[in-house]
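Examining the three-dimensional arrangement
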Amino acid sequence: MNIRLNGKPCELEAPMTVAGLVEANGYRPELIAVEVNLAIIPKNAYSTTELSEGDVVEIVSFMGGG
Amino acid sequence: MNQMKDTWKLGGHEFTSRFILGSGKYSLELIRACVENAGAQIVTMALRRANEGGLANILDYIPKNVTMLPNTSGARNAEEAIRIAHLSREISGSDFIKIEIMRDTKYLLPDNQETIRAVDALAKEGFVVMPYMYPDLNCARDMRDAGAACIMPLGAPIGTNKGLATKEFIKILIREIDLPIIVDAGIGRPSQACEAMEMGAAAVMANTAIATAGNIQVMAEAFKKAIEAGRLAYRSGLGRVREDRADASSPLTGFLRDDEGEA
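This section reports on the structure supplied with the text. All values reported here derive from a predicted model rather than from experimental measurement. (Residues numbered from 1 in each chain as written. Chains lettered and ligands numbered in written order. Predicted model: local features only at pLDDT ≥ 70, side-chain atom pairs only at ≥ 80, totals over all residues.)

Helix and strand content of chain B: eight helices and 10 strands. If one aligns the C-alpha atoms of chain B with their principal axes, the spans along those axes are about 85 × 40 × 35 Å. Counting all 263 residues of chain B, 46% fall into the buried class. Restricting the contact set of chain B to residue pairs at least 6 apart, pairs at least 24 apart contribute 63%. (Helix = DSSP H or I, 4+ residues; strand = E, 2+ residues; numbered from the N terminus. Buried ≥ 20, exposed ≤ 12 C-beta atoms within 10 Å, placed from the backbone. Contact = placed C-beta atoms within 7 Å.)

If you want it as structure tokens, here you go:
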């Protein structure tokens, strides 16, 4: 299954939830927000949100800024 | 006077520090010392695509009692700013958001009209909306009417350290807008921050002035002291300026000579 993750193509070998994607990429959930097809996924829904072919996923966090 | 309580409010939250510290362009390792030396209670940050796991994150370095103020940098219109605000709230867990909308990457000047639209939408959702703006009285009034918690006029273009280039227009905002006026962007030296506070600004935001200083932590402290000094001067009321002649501070009688009186 192919999705876009942070602007780049990303191939997933098996069906995956948002929680699985977050864990597979080593993100710490308390530091990020996840958006799938422009909708924010609440943290308590990561494990129940299945990703689908063509989903556009953004995983964002804070950086230094003014 | 400096023992008297002197607090200010943003969206119902009370602060004693009037120095909002940016966290960009310097090492995460320095942030804690900077926040402490600055006495800052509010620290700004930006939202970006996350680096993959294992890397240091700014939230590991910000003291827990500090209010996080995410900005919407990168937004080119109100819709993008609103999207960034929503994502930021998901991480920060708070409603504070600094609106930054720019169409221009050379001068990074804020788009006041789009900013007004973003303020309107986000204030209706309950955000504490802090708009970075070009100091225009009409736009500031529109932002106030749209529910802004403060107004953040630029002193000079972002990151230039050029100081209070827009001084006269910021003074007008301070006089006419009954919201905290926070001078944001362009402040390069403690003396400029002090002057902004003497004028009656509620607070000053600085980042590049500190990030590009010779000693980042020491400059954070210098800004803290300058902002406190300017605030005290404002509360005191400045002494008057006399244009036409000098005005002796020492008595003009009792000189050790026989021709008494003024020369």
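Facing 28 residues of chain B, the contacting portion of chain A comprises 20 residues. Listed by contribution, the elements that provide at least two residues to the side of chain B that touches chain A are β4 (42-49), β5 (67-71) and α2 (78-92) of chain B. Ranked by the residues each element gives to the side of chain B that touches chain A, the list is headed by β4(B), at six residues. When grouped by side-chain class, the residues that make up the side of chain B that touches chain A number 11 nonpolar, 12 polar and five charged. (Nonpolar A, V, L, I, M, F, W, Y, C, P; charged D, E, K, R; others polar.)

As a further point, take the pairing of β4(B). Of all eight residues in β4(B), six are buried, a share of seventy percent or more. Across five bridges, the pairing between strand β5 (residues 56-64) of chain A and β4(B) is antiparallel. Following the sheet pairing, A:M63 is matched in β4(B) by B:A46. Of the pairings in the sheet, the one linking strand β3 (residues 19-21) of chain B to β4(B) comprises two bridges and is parallel in character. Of the residues in β4(B), the one forming a bridge with B:I20 is B:I42. (Pairing = 2+ DSSP bridges.)

This next bit is on helix α6 (residues 190-198) of chain B. Residue and element names in this part refer to chain B. By the criterion of burial, α6 is predominantly enclosed, with seven of the nine residues buried. Along α6, the residues that are buried comprise P190, Q192, A193, C194, E195, A196 and M197. In the core, the buried residues of α6 are packed alongside β9 (182-184), β10 (203-206) and α8 (216-236). Directly after α6, the chain includes G200, whose backbone phi takes a positive value near 110°.

Before going further, it helps to examine the environment of A:V56. As for its position among the elements, A:V56 is in strand β5. Sequence separation between A:V56 and A:A24 is 32 residues; the distance between their C-alpha atoms is 17 Å.

Our next topic: α8(B). Residue and element names in this part refer to chain B. A rise of 1.5 Å per residue sets the reference length of α8, with its 21 residues, at 30 Å; its end C-alpha atoms lie 30 Å apart and thus fit the reference within 8%. Residues of α8 that are buried: M219, A220, A222, F223, K224, A226, I227, G230 and R231. Looking at the buried residues of α8, the elements they touch are β3, α1 (31-38), α6, β10 and α7 (208-211). Immediately beyond the C-terminal end of α8, within one or two residues, lies G237, with a positive phi of roughly 90°. (Expected span 1.5 Å × (residues − 1).)

All right, on to unusual backbone geometry then. Notably, A:N37 is not glycine yet its phi reads approximately 50°, a positive angle. Among the secondary structure elements, A:N37 is positioned in the loop between β3 (32-36) and β4 (39-41). One non-glycine residue, B:N161, lies in positive phi territory at about 60°. Classification of B:N161 as partly exposed rests on a count of 17 C-beta atoms within 10 Å.

What follows concerns the packing of helix α3 (residues 112-124) of chain B against helix α4 (residues 137-145) of chain B. Residue and element names in this part refer to chain B. Their axes nearest at 8 Å, the elements α3 and α4 cross at an angle of 10°. Comparing their axes, α4 and α3 come out roughly parallel. Residue-level contacts link N112, T115, I116 and V119 of α3 to C139, D142 and M143 of α4. Partitioning the contact of α3 with α4 into residue classes produces four nonpolar, two polar and one charged. (Axes fitted to C-alpha atoms, helices over the stretch in contact; angles between N-to-C directions. Parallel < 35°, antiparallel > 145°, perpendicular 65-115°, else oblique.)

We now examine the pairing of β5(B). Residues and elements named next belong to chain B. Within β5, four of the five residues are buried, leaving the element largely enclosed by the surrounding structure. Pairing between β4 and β5: five bridges, direction parallel. Pairing of V43 across the sheet is with M68, part of β5.

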